[in-house]
Amino acid sequence: MAEVKVAPKIIPGEIAVQGVSKSYGAIHFRKEVVHNCSFTIERAKLTVMVGPSGCGKSTLIRLLAGFEPPTEGTITLDGAPITEPNRDRLVVFQETALFPWMTTWDNILYGPRARGELSRESLEFGEFLLHKVGLQDFRDKYPGQLSGGMQRRAELARAMINNPKVMILDEPFRGLDAMTKELMWEYYARLYEENRRTNFFVTTDIDEAVFLADRILVMSNIPTQVRATIEVDLPRPRKIIDIFENDRANDIKKQALSILHAEAMRSFSRGSKAAADFVDAYLKRASRA
Amino acid sequence: MKKFLSSPAFWRGAASIVVFLVLWEIGARSKQWMSPEFFMPFKELLGAMGFKKDYLPWIGAVPAPSGVLKAWIAVLGQPGYWQSWYMSMFRVMGGFVAAMIVGIPFGLMLAVSRVAHGVGFPVFEVLRPIPPLAWVPASIIFWPTQELAIIFITFLGAFYTIVINVLGGARSIDVRYFQAAQSMGSSRWDIFRRVILPGTLPSIVVGSAVGMGITWEVVVAAEMISGGGSQQAGVGGGLGFFIWNSYVGGSYEQIVVGMISIGIAGFLSSELLRWGGRHATPWLKSR
């Protein structure tokens, strides 16, 4: 890692979400997915958002990335309102969104090429990242030829080459087998610990949240709001073996689980909403398509 | 290649063709073995079914493969036969390439622009169900030469399929690819060039392969109907006309020669397309 000097300086950003609501659907089926939601993604910290699946986390990500505007409220990055997708806030998607028709190398270079910024520096930085994510032998392979873990690493590199102020990760390790997943946790934690970029990581997995986070935001079910904020004061660098035998980590996990459990019970006791939930799921799918 | 020749798949395929030819030969020769009296017991029954009393549709009415082979060898030396190949190939390729040149941009435009879709799609959808062969009289009137008329009809055969596939392919590109490209700073043109175009390529290949099949169906029928180009009536009017001419001339072996020739020509053009498609979409190979 001698050529670290080629890496451009990282300027971490801070995102403030204030009173944000988001509704979908026409008048009659109008459904508020996010309601009056406020939180801060603190500068140079790894914030992990956990919540039950289908609680509107992906909606929040689309708002943060600027793919959709909020119905109410404001989202700002370092004070400037977010109006459109930008390289400042890059999303690493669920499953993989690597372009299947490009090799690993072309995928990584996508951003600089798209902006017409391909230079000797960006090529060197790309080379550096390629080695960093351990894919130097898979440089000319297509995503379909890579394993799940390799695809996620390639995608991390594709985002990092743009040197975003904030990295947004939407359940990036979902669908990986348990072993690969834990390796990716350590790997990703090390990446973060090295550069301390602002990271916003969304997951449904409590273990993942506790292992990675500086702060955990526990979300309520739809309409989405922040139910609790937990500061994770575990030492870094973190190792899987240490964390799972750490009492403090287990306490944090229990704390988060009890909040999530209460949240689940609360939405359960609100009566049978099976039909409404079905409509929600349907609308969400429709709005996504 | 050696491996292929010794594989069970190859031998199954070869056996299948040999058995087919043998059965065909036996069937064709059965005419000589079975006297008309053979059918006597069924005469009343066949009559009731509407057949002429001494005639039964039987594979014996078809020329035997041995006879076809003889006729084929005889025809191989005639320039007219090769001229037919050339004419049909020329028309298919002309119509097909034109369909790609017009159809791919048109399909992409319908997919990308809401305005183009609103304006272009209704007309397209009304014209699409009209079978290409229904265009034969109109296009003979419209186009100055019969050659152009046939190429136009061939063009129609591939055009609709290509457009529909391109449109569907471009529309089914995962929205996350657009979001990712947009976030990383792609302009609209860049997204078109590096996301939409390669993302649609597999559908273009599929649409073209299906379109190629239709072109051969259409060209043969068009040649039969139109008389294969008036200038060269008699010889060199394409494989469709070759078949028709053999039928009129009572050379039944030659009909089958023409049919098999079309089969081979269609197979060759599909293989060519598949080969091109594999090279255009190398990322699909590895799956």
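Residues numbered from 1 in each chain as written. Chains lettered and ligands numbered in written order. Predicted model: local features only at pLDDT ≥ 70, side-chain atom pairs only at ≥ 80, totals over all residues.

Chemist: An account of the sheet that holds strand β4 (residues 72–77) of chain A is needed here, citing residue identities and associated values.
Modeler: Sheet strands line up and pair through hydrogen bonds in the backbone, either parallel or antiparallel. Residues and elements named next belong to chain A. A sheet is described by the order of its strands in space; here four strands give the open sequence β2-β1-β4-β5, paired in antiparallel fashion. Looking at the sheet topology across the chains shown, the edges are occupied by β2 (31–41) and β5 (80–81). Pairing analysis gives two bridges linking β4 to β5, with the strands arranged antiparallel. By the bridge assignment, Thr 76 is partnered in β5 with Pro 81. Its contacts with the sheet place helix α1 (residues 57–65) against β1 (15–24), β2 and β4, and it is angled at close to 120° to β1. (Pairing = 2+ DSSP bridges. Helix = DSSP H or I, 4+ residues; strand = E, 2+ residues; numbered from the N terminus. Contact = placed C-beta atoms within 7 Å. Axes fitted to C-alpha atoms, helices over the stretch in contact; angles between N-to-C directions.)

Chemist: How would you summarise helix α6 (residues 114–127) of chain B if you had to cite specific residues and measurements?
Modeler: Residue and element names in this part refer to chain B. Look at α6: 20 Å from first C-alpha to last across 14 residues, which is about the 20 Å you get at 1.5 Å a residue. In the structure, α6 departs most strongly from a straight axis at Gly 120, where the bend amounts to approximately 35° and where the proline Pro 122 lies between one and four residues downstream. Counting buried positions over the 14 residues of α6 gives zero, only a small fraction of the element. (Expected span 1.5 Å × (residues − 1). Bend = angle between axes of the 7 residues up to and from the residue. Buried ≥ 20, exposed ≤ 12 C-beta atoms within 10 Å, placed from the backbone.)

Chemist: Let's hear about the pairing of β1(A): which residues, and what values?
Modeler: Residue and element names in this part refer to chain A. Bridge count for β1 against β2 is seven bridges, and the pairing is antiparallel. When the bridges of β2 are listed, Val 17 appears paired with Phe 39. If you look at the hairpin formed by β1 and β2, you'll find six residues sitting between the two strands, and Gly 25 has a positive phi there, around 95°. Two elements, β1 and β4, share five bridges in a ladder whose sense is antiparallel. What sits directly across from Val 17, in β4, is Ile 75.

Chemist: Provide a residue-level description of the interface of chain A and chain B, including the pertinent values.
Modeler: In many analyses, interface size is given as the accessible surface area lost on bringing the parts together. Contacts between chain A and chain B engage 20 residues on the former and 17 residues on the latter. Breaking the side of chain A that touches chain B down by element, the ones donating at least two residues are β6 (89–92) and α3 (110–114) of chain A. No other element matches α3(A), which puts three residues into the side of chain A that touches chain B. For the side of chain A that touches chain B, the residue count by class is 13 nonpolar, five polar and two charged. (Nonpolar A, V, L, I, M, F, W, Y, C, P; charged D, E, K, R; others polar.)

Chemist: Requested: an account of the packing of helix α10 (residues 188–226) of chain B against helix α12 (residues 252–280) of chain B, with residues and values cited.
Modeler: Residues and elements named next belong to chain B. Closest axis-to-axis distance for the α10/α12 pair is 10 Å, and the angle between their directions is 165°. With respect to their mutual orientation, α10 and α12 come out roughly antiparallel. Relative to α12, α10 is oriented so that their crossing is right-handed. In this structure, α10 uses Leu 201, Val 205, Ser 208, Ala 209, Met 212, Gly 213, Trp 216 and Val 220 to contact α12, whose residues at the interface are Ile 262, Ala 265, Gly 266, Ser 269, Ser 270, Leu 273, Arg 274, Gly 277 and Ala 280. Looking at the contact of α10 with α12, its residues break down into 10 nonpolar, six polar and one charged. (Parallel < 35°, antiparallel > 145°, perpendicular 65-115°, else oblique. Left-handed = near helix turned anticlockwise from the far one by under 90°.)

Chemist: So what's going on with the nonpolar core? Residues and values would help.
Modeler: Among the nonpolar cores identified, the biggest contains 125 residues, and A:Val48, A:Leu64, A:Ala157, A:Ile168, A:Leu212 and A:Ile216 are the most heavily contacted of them. Ranked by residue count, the leading element in this core is helix α8 (residues 146–171) of chain B, at 16 residues. Beyond its immediate chain neighbours, meaning those up to four positions away, A:Val48 contacts A:Phe201, A:Thr203, A:Ala209, A:Leu212, A:Ala213 and A:Ile216. (Core = buried A, V, L, I, M, F, W, Y, C linked by C-beta atoms within 7 Å.)

Chemist: Got a sec to walk through the confidence of the model for chain A? Specific residues and values, please.
Modeler: Summing up the model confidence of chain A, the mean pLDDT is 85 and the portion of residues at 70 or higher is 89%. The weakest mean pLDDT in chain A belongs to helix α10 (residues 274–288) of chain A at 47; the strongest belongs to helix α2 (residues 104–108) of chain A at 96. (pLDDT = per-residue confidence, 0-100.)

Chemist: Can you explain the sheet that holds strand β7 (residues 166–170) of chain A? Please cite residues and give values.
Modeler: Residue and element names in this part refer to chain A. Pairing within the open sheet is mixed, and its six strands lie in the order β6-β7-β8-β3-β9-β10. The open sheet is flanked by β6 and β10 (226–231), the only strands paired with a single partner. Direction aside, the axes of adjacent strands within the sheet are offset by 20° on average. Two elements, strand β9 (residues 215–219) and β10, share five bridges in a ladder whose sense is antiparallel. Across the sheet, the residue bridging to Leu 217 is Thr 229, located in β10.

Chemist: Residue-level account of the packing of helix α11 (residues 239–248) of chain B against α12(B), with values.
Modeler: Residue and element names in this part refer to chain B. Taken N-terminus to C-terminus, the directions of α11 and α12 make an angle of 165°; their axes are 8 Å apart at the nearest point. In terms of axis orientation, α11 runs roughly antiparallel to α12. For α11 against α12, the interelement crossing comes out left-handed. Contacts between α11 and α12 pair Leu 239, Phe 242, Ile 243, Ser 246 and Tyr 247 from the former with Gln 254, Ile 255, Gly 258, Met 259, Ser 261, Ile 262 and Ala 265 from the latter. Partitioned by chemical class, the residues of the contact of α11 with α12 number eight nonpolar, four polar and no charged.

Chemist: How would you summarise unusual backbone geometry if you had to cite specific residues and measurements?
Modeler: Outside of glycine, negative phi angles account for most residues, and trans bonds account for most peptide bonds. All names here are of chain A. For the peptide bond that leads from Arg 236 to Pro 237, omega is -5°, which places it in the cis range. Tracing the backbone shows Pro 237 in the loop between β10 and α8 (240–244). Positive phi values are uncommon outside glycine, yet Asp 78 reaches one of about 50°. As for its placement among the helices and strands, Asp 78 is situated in the loop between β4 and β5. For Glu 171, which is not glycine, the phi dihedral falls at a positive 40°. Its place among the elements puts Glu 171 in the loop between β7 and α6 (178–195).

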